[in-house]
Amino acid sequence: MGQLLGTSQEPKYTLPPELWHYCWSFLAIEDLLTVSSTCLSFRFICKDLLFKHITTTIPYKRTIRHIFEPRRDVAQIARARRLLLRLHALQSDSDAREVLGLVETWSIRAFGSPAPLEETEIMQHDKACFPFVQPSISIFLILPSCRNLRVLNISDIHMEEERWSALVKIPQLECLSMERCNLSSAGKAMKLKVVSITYEAHRDPLPVPPPTTQLISSLFNPRHLEKLTLLDLTFSNSFLLELVQVGQFENLKHLSVVVPETHMDTLFAFLSRTPSLTSLTISNFSTMAKPSKPVLRSVVPNLVAYDGFPTLIPVLLPGRPVSAVCLRMNHRTDPQASLGNPFGVYNNNVVCQALNDCSASTCVVHDLMLSPFHPTPDSMQDIVRIHPDLRHLRLDILRTPNVNISVHEEESMSLIMDMFSDAVEVRDSDDFSSHPLFLIPGFLNWIANGHLPLPEKLETLHLRYYQKSVTVCGDATKQRLLMPKISAAYPALHEIEMGMTRWWKQGDCWSHEVLARTRP
């Protein structure tokens, strides 16, 4: 570890080290390692960037069993050995204290399973070969030594009393994210500003009891909590019920939650205790239910941003200064739609009504997102008519064709649309003007030729395909021909993002870049 950090004396630089540090901050970890091996000066500069974010993967039961009882999977065994060696080095090296002081974000996860090896299971094997093998508790014992650790992400870990005790001792911890974790107990109260608890709804429910009062008091400090995420379909309601009993959360500004239909009243009971809330997100897993009782104007009076289903728009927007709205539309708004008839799955009248309901806000809506959205001249005209002062528009395009095709009723809708859209995009790649409207290149072509309106004051337009992780939108050379036409019609528009491609205007010139696939 000492060799990794290099000399303890700061070397001399031809340029200020702050300038080098700023330049290297844009590099990926692999490039940082290359730069740090160039010379002692660069190694000294890069060390805090290299150890600013750490990810630790704890081997799980099957991997450890392969180590002690080797099988044919040599690559997996070798990887597990390296993981254990690194963990042992971090625990035993006296120079590691300096490294731990540089860590600001630490991610801990189990290697492929929510069941890391425990001490009792290690004792069943011959430890003579690997005396350094430690249970998952060992890495938690290191955390209190990280004096600058502020963000901790934990995945697939059983949080027992010893682990909670270690978390409480982290001096600067502000953000705690737990994904698929068993929250069986907790320690003393922490001063967390950000808490996130998530568990995929498609997985089986956790075989643990609901959260206890002790757990609630430890995780959620009403004087410090500023952002809360509860995306656990099994226990979100239990968390909210307990939080209602805690009292007022005066500093909570951001809430993202999933709530079953039968517990919508519990959500609004909690909202009545969050007077400073400015951003509310109702997850896609939530139903389209409404509270059973009228909601007073005094509930979330400072709400600025809403992200969720349109059924809550008439409840939350009237009398509140909401200027940013994301509508999560149900793309099967037509009850007569079926998999064999994918053309009646979307009802633009529902969209129009939701847009009208947004007008009840005391502020002008400047930021609007529709997901999904079926582009038609009428639907775009509704946006322009109802919200003429929009500055930012984001659309998740629903790739629903306007021609009849033969599909198998057992195929999923997303698969049908993927196959059809990709086929049409390839077929029409040489004729940019003939792209259908439900594809992004065709959408832009309609705008450029004046057949599809946009709000006159619009500044940014973000487009992507609904429920598709990567959106690729054709040839940049052909897109460049459309930008001057769009800019002439809408001079305020200075940025257009289409999935992985982003165009922006500087003066009278348009430039573009290809975005990383990991971009949210």
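Residues numbered from 1 in each chain as written. Predicted model: local features only at pLDDT ≥ 70, side-chain atom pairs only at ≥ 80, totals over all residues. Heavy atoms only, no water.

> Quick question: what am I supposed to make of the overall build of the protein chain here?
Helix and strand counts for the protein chain stand at 19 helices and 18 strands. Here the analysis covers contacts within the protein chain between residues at least 6 apart in sequence; of these, 66% occur between residues at least 24 apart. Accessible surface computed for the protein chain: about 25400 Å², of which carbon and sulfur atoms make up 52%. (Helix = DSSP H or I, 4+ residues; strand = E, 2+ residues; numbered from the N terminus. Contact = heavy atoms within 4.5 Å. Areas by Shrake-Rupley, 256 points an atom, 1.4 Å probe, with all protein chains shown as cover.)

> Explain helix 13 (residues 264-271) here, please?
Each full turn of the α-helix corresponds to 3.6 residues, which orients residues three or four apart in the same direction. With six of eight residues buried, helix 13 is to be regarded as a mostly interior element. Of the residues making up helix 13, those classed as buried are Met-264, Thr-266, Leu-267, Phe-268, Phe-270 and Leu-271. Packing partners of the buried residues in helix 13 comprise strand 8 (227-232), helix 12 (236-246), strand 9 (254-257), strand 10 (279-282) and helix 14 (313-316). (Buried < 20%, exposed > 50% of the residue type's maximum accessible area, 1.4 Å probe, protein only.)

> I keep staring at the packing of aromatic side chains and nothing clicks. Help me out?
In this description, an aromatic ring pair is defined by two values, namely the gap between the centres and the angle between the planes. The full count for this structure, using the stated rule, is six aromatic pairs. For the pair Trp-20 and Trp-24, a centre-to-centre distance of 5.4 Å together with 25° between the ring planes defines the contact as stacked. Residue Trp-20 and its partner Trp-24 are both found in helix 2 (residues 17-24); the two are separated by four residues, about one turn of the helix. Owing to a relative accessible area of 14%, Trp-24 belongs among the buried residues under this scheme. Both rings, one in Tyr-22 and one in Phe-26, keep their centres 5.1 Å apart while their planes meet at 85°; by these two values the pair is edge-to-face. The residues Tyr-22 and Phe-26 share a single accessibility class, namely exposed. (Phe/Tyr/Trp six-rings, centres within 6.5 Å; stacked < 30°, edge-to-face > 60°.)

> Is there a simple way to explain the nonpolar core in this structure?
Here is a general trend for soluble globular proteins: nonpolar side chains tend to be buried in one another's company. Counting residues in hydrophobic clusters, the biggest one holds 121 residues, and the most contacted among them are Trp-106, Leu-167 and Phe-220. Dropping the residues within four chain positions of it, Leu-167 is found in contact with Phe-140, Leu-143, Leu-152, Ile-154, Met-159, Leu-173, Leu-176 and Met-190. (Core = buried A, V, L, I, M, F, W, Y, C linked by side-chain atoms within 4.5 Å.)

> Whenever I open this one, the pairing of strand 10 confuses me. Can you help?
Direction of pairing for strand 9 relative to strand 10: parallel, over a ladder of four bridges. Looking at strand 10, one finds that Ser-256 is bridged to Thr-281. Taking the sense of rotation as the criterion, the β-α-β connection linking strand 9, helix 13 and strand 10 turns out right-handed. Bridge count between strand 10 and strand 11 (residues 305-308): three bridges; the pairing is parallel. If you follow Leu-280 over to strand 11, its bridge partner there is Tyr-306. (Pairing = 2+ DSSP bridges. Right-handed = clockwise from strand over helix to strand, strands pointing away.)

> How do you make sense of unusual backbone geometry when you look at a structure like this?
For residues that are not glycine, phi is negative in most cases, and the peptide bond is trans in most cases. With omega at -5°, the peptide bond leading from Ser-371 into Pro-372 counts as cis. Structurally, the position occupied by Pro-372 is in strand 13 (residues 367-373). One non-glycine residue with positive phi stands out, namely Asp-156, at about 60°. With respect to the helices, strands and loops of the structure, Asp-156 is situated in the loop between strand 3 (151-155) and strand 4 (158-159). A relative accessible area of 8% places Asp-156 in the buried class. In the Ramachandran plot, Val-300 falls in the positive-phi region, its phi being about 40° despite a non-glycine side chain. Owing to a relative accessible area of 1%, Val-300 belongs among the buried residues under this scheme.

> How do you make sense of helix 3 (residues 29-36) when you look at a structure like this?
Every buried residue belonging to helix 3 is among Leu-32, Val-35 and Ser-36, and all of these are buried. Down the axis of helix 3, the buried side of the element spans an arc of 95°, and every buried residue falls inside it. Relative to its buried face, helix 3 has exposed residues pointing more than 90 degrees away, namely Glu-30 and Thr-34. Buried-residue contacts for helix 3 involve helix 2 and helix 4 (40-50). (Arc of directions from axis to C-beta.)

> What's the story with the packing of helix 3 against helix 4 in this structure? I'm lost.
If you want to describe how two helices pack, look at the angle between their axes and the distance between the axes. At a minimum axis separation of 8 Å, helix 3 and helix 4 run at an interaxial angle of 155°. Of the possible angle classes, the one that applies to helix 3 and helix 4 is roughly antiparallel. Crossing of helix 3 against helix 4: the hand is left-handed. Along the contact surface, helix 3 presents Ile-29, Leu-32, Leu-33, Val-35 and Ser-36, while helix 4 presents Phe-42, Arg-43, Cys-46, Leu-49 and Leu-50. When the residues that make up the contact of helix 3 with helix 4 are grouped by side-chain class, the tally is eight nonpolar, one polar and one charged. (Axes fitted to C-alpha atoms, helices over the stretch in contact; angles between N-to-C directions. Parallel < 35°, antiparallel > 145°, perpendicular 65-115°, else oblique. Left-handed = near helix turned anticlockwise from the far one by under 90°. Nonpolar A, V, L, I, M, F, W, Y, C, P; charged D, E, K, R; others polar.)

> Quick question: what am I supposed to make of the environment of Trp-24 here?
Considered as a pair, Trp-24 and Ile-45 are 21 residues apart in the sequence and their alpha carbons are 8.6 Å apart. The residues contacting Trp-24, other than those within four sequence positions of it, are Leu-32, Val-35, Phe-42, Ile-45, Cys-46 and Leu-49.

> What should I look at first to understand the packing of helix 12 against helix 13 in this one?
Across the interface, helix 12 lies against helix 13 with an axial gap of 9 Å and an inter-helix angle of 35°. The crossing of helix 12 and helix 13 is left-handed. For the pair formed by helix 12 and helix 13, the contact residues are Asn-237, Leu-240, Leu-241, Leu-243 and Val-244 on the first element and Thr-266, Leu-267, Ala-269 and Phe-270 on the second.

So yeah, pure geometry; function would need other evidence.
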